[in-house]
Amino acid sequence: MPPSHKDSSTTAHAGKYRALLAGWFAVLVCSLLLYDALLYSSLNREAWRSAEISARLAAAKLAERLSTGVALGKRLGAYHGLQSFLDFEVQSAGMPMAVLDAGGNVLAASDGFPAALVDEARRKSGGRRVLPVETDEGGRTVHIPVTGRDGAVVGHVGVRLDGGPIERELAGQFRNQLLMQALLSLAGLLAAGLLLRRRKEQPAPSDGSGADPLADPAETFFPGRLRRICLLVFLAVLLACGSLSMVMAERQYTAGLGRDAERTGLMLTETLDRLLLTGVTLDRMDRVDGYLAGIAQMHGGAIALDILDAENRPLSSSAAPGTALLSEHRLFPLLAGAAAHLDRDPGSAPRLRISLVRGPWLEHLRDLALDFLTMTAIALICMVELFLLLTRGLARFSGRDAAQQGAAGGSSALVRALAFFFVFGLDMPISFFALQMGELVPADAPSRSMMLGLPICACMAATGVFAFAAGTFVRRFGIRLPLMLGMAVASLAYAGCLLAREPWLYVAACALSGAGYGTVLLCLQVSTVRDGRLADMYSGFYAGSLCGSAMGAMLAERFGFPPVFLAAGLVMLCAVPLGRLFVGDTAPDTAQSGQARLSWTAMRRLLCDRSFLVFALLALMPLAMVYVGFTQYFLPVYLNSVGTSQSNIGRVYMVACLFIIYCGPLLGTLVKKARMKSDMVGAGGLLFALSLLSLAVLPPLPGAMLGAVLIGLGWAASLSAQSEFLLGLDAARAIGVDQSMSLLNVLQRAAQVLGPLGAGAILLAMSVNQASILLGCGIAILALTFVVLARLALRGRRA
């Protein structure tokens, strides 16, 4: 008996949910992989930081003794008993050590110190001077200088940190974390399956009649309630993983401080015994106070060192009176071996107490919590983009909806995912473009600082030129071919950055990447502005930038710069075939091409159009200047000047991007429905003005955070409103969508180049409060003037 229509419909719904659940789990795994990569980098950095503190303490102890001898006239190269001193410190510290001259040549070394490996690493790097920390294949070497009588550096004490034990301990902790993540992921999969199973089916429309061409193509295939269930379970799993990571990091940090305290106590006992035996009395310990404070400062003030008498009264301390300490502490007896010779009761001997200071401990835990919250947010951003790709992809390529989406013009729905993948790869090396140039430019080269900025300048200049020139290719060949060629060119450009051994070759490769980026940017804009999805595309764009830059910085810290260029190029190369799948064949038809032809007459008419000039001079260019100057120069410089950490500065920028990503599509919909596009452009300008004024009325960090929120909302509104207003001008329609968007890109890029320069000039001339008030009021006046003039121009055209 053939199956009924009801049975076939039930089978189709079951297949749809199975596909969604399988894709949900795949997206969760990919998001957790990104989270785990960031987590491993953070834990690895924390483990090495703790080890380097102990190494510096051991090296500083020997360096102080050698510096005293050199100041008294001894030569470091012929220091009597140097090997004995070194062996004694090695036994006390438990780490391989060596003494080097000023040129880095080994004068004395303990067993286990890989002198040949260190020399080889320095020789490969061009024979540079001895650095405070040098990294090679097997680990790191920490150096503390030995100074002479005049303060000149005459040598170094090096302490070797073997990477093997640190990596093994970290790997053991990370395996436990991965096991817990696997259990949480399976629990999330089970919860998602049960919730989807309990959800009652809602009948989908049988045909495409009445479909909204601007609606999300996943809405009819996966209703909003079903997608919200999946996203909420995603969020629960990621937050649970973040909480477990936080607990593990807190335990690692506290245990590391405990080990540091134990090692510090053992090493200081001998030094303090020597000071006490030379006649320093217990009632005048000023010299010891300074010495203890210096040792505590090596640990960032996280530990407090006190010398106590037999009744636990403090005789000397590194911490100020009233400093809050944790209850856990460690005691080390002083003068234990010399008590009999000093005719002293062993019970009355002083003791060294090492405690953990509550303030820095809590502050570090707060920083850890913010770090894990940031990593969770980045993983969540990646998860949302992949989940949108999953739902929109299933809706786009399902047999029932393929014809409907093609007819409705929804082919641009997947452009957001394409923008995410491409910009993810493009921005992976963004944090070290200048640093890679520094590896190629000699340290004594004239104008070296200016040369370090050439790669970014070349990339931005090429982006502007090709974003304008690509309009002709889009008009002639459609969108797909220039789009795929642009992604391929950007991928090959990063291969050139990887292989470049001369500064000019590296600059040329960066310019080539800008050419590919400019071409891709225009193609993505043209393919989405026709469907009203420009804001949606920019959401994927900024999401890819956030995730890609974070991943690239982590990989660069772990593996160096060249592997990141290789990985970034491969990501963009993999995006090339996606351009054919995700972007419809939107070559202009014959009628449209005949109506909108590019000519110098039409271009000149647009450039001389009064409405266009008002738009460009009062809205487009000022907002582009303020956005780049505010987020990438003004805010970082201002927050750094008031002592804000680099991590918090990065989080402020991240907040602005988050509002662009998730408020952009909503504001884009409002712009599309608005009757007066100029009012939306003006509203974006007023939000910019309020963001600047917030710095003048609030404390630095809260003002910057509110400013980031407002400027993110303003930029999200402006991205859609500016393109809609421009394409509404008769002179812009005369040259076509592609050339209009090309011109828009050129003007924005020119303004963005001027933004940091203008911000720097303003900060040189006045204070931050004065600049914020002046710029905020100025942008508000420009925005209101633009709205008034645009309305008058509209009335004139209607009349």
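Source: prediction; values computed, not measured.

Caption draft 1: Molecular detail of the overall build of the protein. Counting its regular elements, the protein contains 26 helices and nine strands. When burial is assessed residue by residue, the protein has 51% of its 799 residues classed as buried. If you take every contact in the protein between residues at least 6 apart in sequence, the share linking residues at least 24 apart comes to 79%. Surface accessibility of the protein: about 36200 Å² in total, with carbon and sulfur atoms responsible for 64%.

Caption draft 2: Representation of the pattern of salt bridges in the model. Within the structure shown, the criterion is met by eight salt bridges. The salt bridge partner of glutamate 385 is arginine 416, with a shortest N-O separation of 2.7 Å. Taken together, the residues span a long stretch of sequence, with glutamate 385 in helix α8 (residues 358-397) and arginine 416 in helix α10 (residues 415-426) at a distance of 31 residues. Arginine 416 carries the same exposure label as glutamate 385, and that label is buried. Put simply, arginine 416 and aspartate 536 hold a salt bridge, and the shortest N to O gap is 3.0 Å. Pair noted here: arginine 416 is in helix α10 and aspartate 536 is in helix α16 (residues 534-559), with a separation of 120 residues, a long-range link. Residue arginine 416 is classed as buried on the basis of its relative accessible area of 5%.

Caption draft 3: Quick peek at the sheet that holds strand β5 (residues 153-162). Read from one edge of the open sheet, five strands run β2-β1-β5-β4-β3, paired in antiparallel fashion. Strands at the two margins of the open sheet, each flanked by one partner only, are β2 (106-109) and β3 (133-135). Across the sheet, the mean angle separating the axes of adjacent strands is 25° when strand polarity is ignored. Pairing of β3 with strand β4 (residues 139-147) involves three bridges; the strand directions are antiparallel.

Caption draft 4: Spotlight on the confidence of the model for the protein. Here the protein averages 78 in pLDDT, and 83% of its residues register 70 or above. By mean pLDDT, helix α18 (residues 590-595) is the weakest element of the protein at 41, and helix α14 (residues 480-499) is the strongest at 92. Here residues 200-215 is a poorly scored stretch, pLDDT under 50, and it has 16 contacts once near neighbours within four places are set aside; other chains count. Considering only residues more than four positions removed or in separate chains, one finds that residues 400-410, a stretch of pLDDT under 50, has 19 contacts.

Caption draft 5: Just the sheet that holds strand β7 (residues 314-317), in detail. Reading across the sheet, the four strands line up as β7-β6-β9-β8 and stay open at both edges, with antiparallel pairing between neighbours. Each having just a single partner strand, β7 and β8 (325-333) make up the two edges of the open sheet. Taking the axes of each pair of neighbouring strands and ignoring which way they run, one obtains an average angle of 30° across the sheet. Here strand β6 (residues 303-308) pairs with strand β9 (residues 351-357) via six bridges, running antiparallel. Paired with alanine 304 across the bridge in β9 is serine 355.

Caption draft 6: Representation of the side chain of aspartate 427. Along the chain, aspartate 427 falls in the loop between α10 and α11 (433-440). Not counting the four nearest positions on each side in its chain, aspartate 427 is found in contact with Ser545, Gly548 and Ser549.

Caption draft 7: Structural detail: the packing of α10 against α14. Two numbers describe how α10 lies on α14: the axes approach to 11 Å, and their chain directions differ by 20°. Relative to α14, the element α10 lies roughly parallel. Judged by the sense of rotation from one axis to the other, the crossing of α10 with α14 is left-handed. Of the residues in α14, those touching α10 at Leu418, Phe422, Gly425 and Leu426 are Leu483, Met487, Ala490 and Tyr494. When the residues that make up the contact of α10 with α14 are grouped by side-chain class, the tally is seven nonpolar, one polar and no charged.

Caption draft 8: Focus on helix α17 (residues 561-582). Under the 1.5 Å per step criterion, the end-to-end length of α17 is 31 Å for 22 residues, consistent within 8% with the ideal 32 Å. The largest bend in α17 is about 30°, located at valine 576, with the proline proline 577 one to four residues further on. For α17, every residue scored as buried is listed here: Phe561, Val564, Phe565, Ala568, Gly569, Met572, Ala575, Val576, Gly579 and Phe582.

Caption draft 9: View of the nonpolar core. Core analysis: the biggest nonpolar cluster contains 215 residues, and Tyr542 and Phe786 have the highest contact counts within it. Considering each element in turn, this core owes the most residues, 24 residues, to helix α1 (residues 5-71).

Caption draft 10: Seen up close, the pairing of β7. Taken together, the three bridges between β6 and β7 define a ladder with antiparallel strand orientation. Following the sheet pairing, leucine 308 is matched in β7 by proline 314. In this structure, the hairpin formed by β6 and β7 is closed by a connection of five residues, where asparagine 312 is found at a positive phi of approximately 65°.

Caption draft 11: Spatial organisation of helix α20 (residues 610-641). At phenylalanine 630, α20 shows its largest bend, some 50°. Capping the start of α20 is the job of one residue whose side-chain oxygen sits 3.1 Å from the backbone nitrogen of serine 611: aspartate 609. Immediately downstream of α20, the backbone of glycine 643 shows phi near 90°, a positive value.

Caption draft 12: Region of interest: the packing of aromatic side chains. Counted according to the given criterion, the structure contains 16 aromatic pairs. Ring centres of phenylalanine 688 and tryptophan 715 lie 6.2 Å apart, and the angle between their planes is 55°; this geometry places the pair in the tilted category. Here phenylalanine 688 is found in helix α22 (residues 677-697), whereas its partner tryptophan 715 is found in helix α23 (residues 700-727), with 27 residues between them in sequence. For phenylalanine 688, a relative accessible area of 0% puts it in the buried group. Given a relative accessible area of 2%, tryptophan 715 falls into the buried group. Grouping aromatic residues by their ring pairs yields a cluster made of Tyr517, Tyr538, Phe541 and Tyr542.

Caption draft 13: Representation of the side chain of serine 678. Looking at the secondary structure, you find serine 678 in helix α22. Residue class for serine 678 comes out buried when judged on its relative accessible area of 3%. Leaving out residues up to four positions away in the same chain, serine 678 has contacts with Phe725, Phe786, Val787 and Ala790.

Caption draft 14: Just a nonpolar patch on the surface, in detail. A surface patch of nonpolar side chains, amounting to about 400 Å² of accessible area, comprises Phe473, Phe477, Leu481 and Leu485. For the nonpolar patch, the secondary structure elements donating two or more residues are α13 (454-477) and α14. Here leucine 481 lies in helix α14. You can call leucine 481 partly exposed: its relative accessible area is 44%.

Caption draft 15: How the structure looks around the environment of alanine 19. On the secondary structure map, alanine 19 appears in helix α1. For the pair alanine 19 and leucine 394, spaced 375 residues apart in sequence, the C-alpha separation works out to 8.4 Å.

Caption draft 16: Structural view of the state of the cysteines. Inspection of the entire model under this criterion finds zero disulfides. Between cysteine 510, a cysteine without a disulfide, and cysteine 497, which holds the nearest cysteine sulfur, the sulfur-to-sulfur distance is 4.0 Å. Among the residues examined, cysteine 510 registers a relative accessible area of 0% and is labelled buried.

Caption draft 17: How the structure looks around the packing of α20 against α23. Relative orientation of the contacting elements α20 and α23 amounts to 155°, with a least axis distance of 11 Å. Between α20 and α23, the angle is such that the two are roughly antiparallel. Once α20 is placed against α23, the crossing between them reads as left-handed. Residues of the contact of α20 with α23, tallied by class, amount to 19 nonpolar, five polar and no charged.

Cut-offs and rules
Residues numbered from 1 in each chain as written. Predicted model: local features only at pLDDT ≥ 70, side-chain atom pairs only at ≥ 80, totals over all residues. Heavy atoms only, no water. Helix = DSSP H or I, 4+ residues; strand = E, 2+ residues; numbered from the N terminus. Buried < 20%, exposed > 50% of the residue type's maximum accessible area, 1.4 Å probe, protein only. Contact = heavy atoms within 4.5 Å. Areas by Shrake-Rupley, 256 points an atom, 1.4 Å probe, with all protein chains shown as cover. Salt bridge = Lys/Arg side-chain N within 4 Å of Asp/Glu carboxyl O. Pairing = 2+ DSSP bridges. Axes fitted to C-alpha atoms, helices over the stretch in contact; angles between N-to-C directions. pLDDT = per-residue confidence, 0-100. Parallel < 35°, antiparallel > 145°, perpendicular 65-115°, else oblique. Left-handed = near helix turned anticlockwise from the far one by under 90°. Nonpolar A, V, L, I, M, F, W, Y, C, P; charged D, E, K, R; others polar. Expected span 1.5 Å × (residues − 1). Bend = angle between axes of the 7 residues up to and from the residue. Core = buried A, V, L, I, M, F, W, Y, C linked by side-chain atoms within 4.5 Å. Polar contact = N/O pair within 3.5 Å; in protein donor to acceptor, adjacent residues only side chain to side chain. Phe/Tyr/Trp six-rings, centres within 6.5 Å; stacked < 30°, edge-to-face > 60°. Patch = residues over 30% accessible without salt bridge, like charges linked within 9 Å, V, L, I, M, F, W, Y side chains within 5 Å. Disulfide = S-S within 2.5 Å.

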